[in-house]
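Read off the chains here:
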Amino acid sequence: MRVLVTGGAGFIGSHVAEAASEAGHNVLVVDDLSTGRTENLPPGVDFHPVDIRNREVFRELALQFRPDAISHHAAQASVSISVREPGYDAEVNVLGSLNVAEVACEVSSRLIFASTGGALYGEVADGAAAGEGSPARPLSPYACSKASFELYLKAFAETADLNYTILRYANVYGPRQNPHGEAGVVAIFLRRLLRGEPIQVNARARLGDDGCVRDYVFVRDAVRANLAAFEGVLERRTINIATGIGTSTRMLAEKIASLVNKPAIVRDGEHRAGDLERSVLDPTVMTSMLGDPTPLAEGLEATTDWFRFESEPS
Ligand SMILES: NC(=O)c1ccc[n+]([C@@H]2O[C@H](COP(=O)([O-])OP(=O)(O)OC[C@H]3O[C@@H](n4cnc5c(N)ncnc54)[C@H](O)[C@@H]3O)[C@@H](O)[C@H]2O)c1
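Criteria and cut-off values
- Residues numbered from 1 in each chain as written.
- Predicted model: local features only at pLDDT ≥ 70, side-chain atom pairs only at ≥ 80, totals over all residues.
- Heavy atoms only, no water.
- Phe/Tyr/Trp six-rings, centres within 6.5 Å; stacked < 30°, edge-to-face > 60°.
- Buried < 20%, exposed > 50% of the residue type's maximum accessible area, 1.4 Å probe, protein only.
- Lys NZ or Arg CZ within 6 Å of the ring centre and 35° of its normal.
- Near = heavy atom within 4 Å.
- Polar contact = N/O pair within 3.5 Å; in protein donor to acceptor, adjacent residues only side chain to side chain.
- Areas by Shrake-Rupley, 256 points an atom, 1.4 Å probe, with all protein chains shown as cover.
- 1 Å grid on protein atoms, 1.4 Å probe; cavity = no way out; pocket = protein on both sides within 12 Å on 5 of 7 lines; lining within 4 Å.
- Sits in = over half its atoms within 2 Å of the grid points.
- Core = buried A, V, L, I, M, F, W, Y, C linked by side-chain atoms within 4.5 Å.
- Helix = DSSP H or I, 4+ residues; strand = E, 2+ residues; numbered from the N terminus.
- Domains from an automatic or database assignment.
- Contact = heavy atoms within 4.5 Å.
- Buried area = accessible area lost by both parts, 1.4 Å probe.
- Salt bridge = Lys/Arg side-chain N within 4 Å of Asp/Glu carboxyl O.
- Pairing = 2+ DSSP bridges.
- Axes fitted to C-alpha atoms, helices over the stretch in contact; angles between N-to-C directions.
- Expected span 1.5 Å × (residues − 1).

A. Just the packing of aromatic side chains, in detail. One pass over the structure, following the stated rule, counts three aromatic pairs. When the centroid spacing of 5.0 Å and the interplanar angle of 80° are considered together, the rings of tryptophan 306 and phenylalanine 307 count as edge-to-face. For phenylalanine 307, a relative accessible area of 0% translates into the label buried. Lying across the ring of tyrosine 164, arginine 237 places its NZ or CZ 4.3 Å from the centre.

So, in structure tokens, the structure goes:
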């Protein structure tokens, strides 16, 4: 199968490209390297440093390759940048994504979209988990651009028979992650704790509380979903990629500190404006199709090993 991975030099996209290549697919990566790095690229994949906003160049490249599946991960993926520069966020996440969708329609490729459950559902009440049928309550320009492209996909399915799968990721962590994405706190804590530097737990509501609650899902589970979507074996259009388990920032800090095996200096910070207090997604649909998600302890251990190796002087 020919698989085009947009954003394949980034954190999640590079894992998808690597696994697709290992599964024997012919992989083409398109990435403008705005946050991605060539070091992330798996060996043997074809790479083109192209901006998806550049409609003609992207289209020509994709038409030559004629993918069977497009895994669309290229995005402006930072909530805080979207707040500062909503226009730029929409240019990449809406207009750039439309270029990807148009190509998918033109070559009759399946389109897998890396959407966000972590941001799209808004606040999730204590004790609850947002299912795929929960209403979208985007509270940031980033969540708006992702929700908007989801609507475009539904429209393209009607008007152009587009075959698509929306993967709504919770907060994805794992090797190669950068501090800017939705689960960036894992990368920040790991880097700082490995260097013996203090870390900060920002308040959920009041200074000194345990911090915001997130559903941390290991990157391997996002990859498994992409590979299954390429094969067309996922029976649903929209699927949460999550664990259903909420972890507070303080709990996460404690787990990482014990893995790093260094004393942690933890400071308390104020609540950051715009941070959701609690986001947990219901993974029932995902688990019925793909099995159980990776336990946090196992995923964090693998992630810690990678960051430890990365931080060693070469
Ligand atoms: N990390 C998470 O927890 C999370 C959660 C939900 C959804 N997502 C989504 O998953 C996808 C991947 O996220 P990530 O965490 O790996 O982020 P990332 O920043 O590591 O990856 C994004 C990649 O897209 C590339 N890119 C950005 N703008 C581009 C453009 N105009 N043209 C071509 N390439 C461009 C970047 O260089 C980067 O390599 C994004 O769509 C993001 O919104 C991530």
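Having seen the structure, we can now continue with the description.
B. Region of interest: the site of the ligand. Around the ligand sit 32 residues, and of these Asp31, Thr35, Asp51, Tyr142 and Lys146 come closest. A distance of 3.0 Å separates an oxygen atom of the ligand from a polar atom in the backbone of glycine 10. Take aspartate 32: an N or O atom from its main chain is 3.1 Å from a nitrogen atom of the ligand. Within the complex, the protein chains bury 98% of what would otherwise be the 820 Å² of accessible surface of the ligand. The cavity where the ligand resides is the second largest pocket.

C. Geometry of the nonpolar core. Of all hydrophobic cores here, the largest spans 59 residues; its most connected members are Ile12, Leu167, Tyr169, Val186, Ile241 and Ile256. In terms of residue count, the dominant contributor to this core is helix H8 (residues 219–231) (seven residues). Counting the residues that make up this core, at least three belong to each of domain 1 (2–171 + 217–241) and domain 2 (173–215 + 244–280 + 295–311). For tyrosine 169, the residues in contact, after removing those within four places along its chain, are Ile12, His73, Ala114, Ser115, Thr116, Gly117, Gly118, Ala222, Asn226, Ile241 and Leu281. Among the nonpolar cores identified, the runner-up in size contains 28 residues, and Val50, Ile70, Val103 and Leu162 belong to it.

D. Summary view of the domain arrangement of the chain. Along its sequence, the chain is organised into domain 1 (2–171 + 217–241) and domain 2 (173–215 + 244–280 + 295–311). Computed from C-alpha coordinates alone, the two centres of domain 1 and domain 2 are separated by 25 Å. Taken together, the contact pairs 29 residues of domain 1 with 23 residues of domain 2. A per-residue breakdown of the area domain 1 buries against domain 2 is headed by Phe11, Asn171 and Phe218, which together make up 31% of the total. Applying the counting rule to domain 1 against domain 2 returns four salt bridges. In this structure, glutamate 18 and arginine 176 form a salt bridge, with 3.0 Å as the shortest nitrogen-oxygen distance. Where domain 1 touches domain 2, the interface holds 16 residue pairs in polar contact (both at pLDDT 80 or more). Sorting elements by how many residues they give to the side of domain 1 that touches domain 2 places helix H1 (residues 11–22) first, with four residues.

E. Structural detail: the sheet that holds strand E3 (residues 46–48). If you walk across this open sheet you meet the seven strands as E3-E2-E1-E4-E5-E6-E11, and the pairing is parallel. Looking at strand neighbours, the two that pair on one side only are E3 and strand E11 (238–241), the edges of this open sheet. Sheet twist, expressed as the average angle between the axes of neighbouring strands with direction ignored, equals 20°.

F. Region of the structure containing the pattern of salt bridges. Per the counting criterion, the structure on display carries 20 salt bridges. With a closest N to O distance of 3.1 Å, arginine 204 and glutamate 277 form a salt bridge. Of this pair, arginine 204 sits in the loop between strand E8 (199–202) and strand E9 (213–214) while glutamate 277 sits in the loop between strand E13 (266–269) and helix H10 (284–290), and the two are 73 residues apart along the sequence. Looking at glutamate 277, the relative accessible area reads 29%, which means it is partly exposed.

G. How the structure looks around helix H11 (residues 296–311). When the terminal C-alpha atoms of H11 are compared, their 22 Å separation across 16 residues agrees well with the 22 Å that a helix rising 1.5 Å per residue should span. In this structure, the buried side of H11 is in contact with strand E7 (171–173), helix H7 (184–194), strand E10 (216–218), strand E12 (247–248) and helix H9 (249–260).

H. Just the pairing of strand E6 (residues 164–169), in detail. Counting buried positions along E6 gives six out of six residues, so the element sits mostly inside the fold. Judged by which residues are buried, E6 turns out to be covered on both faces: Tyr164, Ile166 and Arg168 on one side and Thr165, Leu167 and Tyr169 on the other are all buried. Pairing of strand E5 (residues 110–116) with E6, which is carried by six bridges, proceeds in the parallel orientation. For isoleucine 112, the partnering residue across the bridge sits in E6 and is threonine 165. Of the strand pairs in this sheet, E6 and E11 are connected by four bridges, and their pairing is parallel. Its bridge partner being in E11, tyrosine 169 is matched across the sheet by isoleucine 241.

I. Quick peek at H1. Helix length check: H1, at 12 residues, gives a terminal C-alpha distance of 17 Å against a target of 16 Å (1.5 Å per residue), a fit within 8%. Of all 12 residues in H1, nine are buried, a share of seventy percent or more. Restricting attention to buried positions, one finds in H1 the residues Phe11, Ile12, Gly13, Ser14, His15, Val16, Ala17, Ala19 and Ala20. Buried residues belonging to H1 abut strand E1 (2–6), strand E2 (26–30), strand E4 (69–72), E6, E7 and H8. Count one or two residues on from H1 and you reach glycine 24, which has phi positive near 95°.

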